[in-house]
Amino acid sequence: IVVTIAGAFFASLYGEGEDHHYHVVMLPAIVLAAFRFRRAFSLSIAGASSALMYYDVWNWSQEHPPADASELFEVTTVGLLFVVVALVVNMLAAEMRERSSELGTTVAELERTRDSLVAQEKLAAVGRLSSAIAHEIRNPVAMIHSSLAAASRGGLDEDSREQMFRVATEESGRLERLTSDFLAYAHTRTPQPVHGSAAETLAVVAELVSASAADAGVAVAVARSSGEAEFDPFMLH
């Protein structure tokens with residue numbers, strides 16, 4: 001801004017002839033100042049440019065008397081134009097910044113609303129999955145109960161007892177993983193994609209819902225494919 005205004009001033013001051021059209025080159029610098037800075041500063045830039053123009057015309061009249069009234073009128077007109085342009089551009093820039101701030105606030109509110117809706121939908125999904133999870137939990141619990149009951153009864157050899165305890169241990173681990181996954185689903189987590197077959201994961205899901213689907217008279221089938229992809233098995237599950 002300073003370089004542009006100074007360049008236009010010195011070009012007009014030391015240029016040949018009595019024309020002072022170099023002053024117009026100050027206008028882009030005034031527009032830039034009005035767009036980037038506060039109103040008082042931008043108006044001061046416009047005022048300083050006008051003062052430099054007056055000095056240029058005054059200096060010319062001192063070196064080439066008598067003074068030309070038309071030149072003073074022209075400089076006055078251009079000076080007023082500088083001030084008006086600075087004021088209008090500054091007002092428009094302030095309004096643009098205000099609208100931009102309002103837009104940013106609106107976007108932030110929309111993002112918060114979206115996150116809230118996603119959380120509500122996830123809670124609703126947790127409720128819908130509760131019956132299926134309860135059914136899935138009942139299976140390992142029944143296996144654990146039957147295995148421990150069989151192991152506690154007499155008449156089993158040592159290998160059979162060890163097998164019953166191993167089944168109970170495996171089903172306990174399965175039950176722990178199932179409840180942990182169910183609790184984790186209720187919270188936001190970032191995807192952790194791995195390379196694998198989505199069809200295998202979907203087959204597990206189909207097996208989980210097979211009982212409730214059969215009760216509803218719905219047949220669930222998974223089209224197996226040999227293709228692989230990058231996905232999060234837990235989140236897909």
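Just above sits the structure.
Residues numbered from 1 in each chain as written. Predicted model: local features only at pLDDT ≥ 70, side-chain atom pairs only at ≥ 80, totals over all residues. Heavy atoms only, no water.

Below, the discussion takes up the overall build of the protein chain. A count of helical and extended segments in the protein chain gives seven helices and two strands. Tracing the protein chain from N to C terminus, the helices and strands come up as α-α-α-α-α-β-α-β-α. Rg of the C-alpha trace for the protein chain: 40 Å, well past the compact-globule value of 18 Å for 237 residues, more than 25% over. On the principal axes, the C-alpha backbone points of the protein chain span a range of 130 × 35 × 30 Å. Looking at the protein chain as a whole, 24% of its 237 residues qualify as buried. Partitioning the contacts of the protein chain with sequence separation of at least 6, the portion at a separation of at least 24 is 76%. For the protein chain, the computed accessible surface area is about 15900 Å², with 62% contributed by carbon and sulfur atoms. Positive and negative charge centroids in the protein chain, built from 17 and 30 side chains respectively, lie 13 Å apart. (Helix = DSSP H or I, 4+ residues; strand = E, 2+ residues; numbered from the N terminus. Rg over C-alpha atoms; globule rule 2.2 N^0.38 Å. Buried < 20%, exposed > 50% of the residue type's maximum accessible area, 1.4 Å probe, protein only. Contact = heavy atoms within 4.5 Å. Areas by Shrake-Rupley, 256 points an atom, 1.4 Å probe, with all protein chains shown as cover. Lys, Arg positive; Asp, Glu negative; His and termini not counted. Charge placed at Lys NZ, Arg CZ, Asp CG, Glu CD.)

With that out of the way, let us pick up the nonpolar core. Formed by 19 residues in total, the largest nonpolar core has its most connected members in Met26, Ile30, Met53 and Phe82. Put simply, the parts of the chain that give this core at least two residues each are α1 (2-14), α2 (26-36), α3 (39-63) and α4 (69-152). Per-element tally for this core: the top contributor is α4, with six residues. The residues contacting Phe82, other than those within four sequence positions of it, are His23, Met26, Leu27, Ile30, Ala46, Ser49, Ser50 and Met53. (Core = buried A, V, L, I, M, F, W, Y, C linked by side-chain atoms within 4.5 Å.)

So, on to the pattern of salt bridges. Applying the stated criterion across every chain yields a total of three salt bridges. A salt bridge links Asp115 to Arg114, with the nearest nitrogen and oxygen atoms 3.3 Å apart. Residue class for Asp115 comes out partly exposed when judged on its relative accessible area of 44%. Note that Glu171 and Arg174 form a salt bridge whose closest N and O atoms lie 3.3 Å from each other. Taken together, the residues Glu171 and Arg174, both in helix α5 (residues 158-185) and three residues apart, mark about one turn of the helix. Judged by its relative accessible area of 13%, Glu171 falls in the buried class. Relative accessible area serves as the criterion here: at 29%, Arg174 is assigned to the partly exposed category. (Salt bridge = Lys/Arg side-chain N within 4 Å of Asp/Glu carboxyl O.)

On to the packing of aromatic side chains, then. With the rule as written, the count across this model stands at three aromatic pairs. Between the aromatic rings of Phe9 and Tyr55, the centroid separation amounts to 6.1 Å while the plane-to-plane angle is 45 degrees, which identifies the pairing as tilted. Within this pair, whereas Phe9 is found in helix α1, its partner Tyr55 is found in helix α3, the two being separated by 46 residues in sequence. For the ring pair Phe37 and Phe41, a centre distance of 4.9 Å and an interplane angle of 65 degrees mean the geometry is edge-to-face. Judged by its relative accessible area of 39%, Phe41 is partly exposed. (Phe/Tyr/Trp six-rings, centres within 6.5 Å; stacked < 30°, edge-to-face > 60°.)

Attention now goes to the environment of Thr77. Position of Thr77 among the secondary structure elements: in helix α4. Overall, the relative accessible area of 40% leaves Thr77 in the partly exposed class. Thr77 sits 55 residues away from Tyr22 along the chain, and the two C-alpha atoms are 15 Å apart.

Between its terminal C-alpha atoms α3 stretches 36 Å, which fits the 36 Å expected from 25 residues at 1.5 Å a residue. Ser42, Ile45, Ala46, Ser49, Ser50, Met53, Asp56, Val57, Asn59 and Ser61 are the residues of α3 that are buried. (Expected span 1.5 Å × (residues − 1).)

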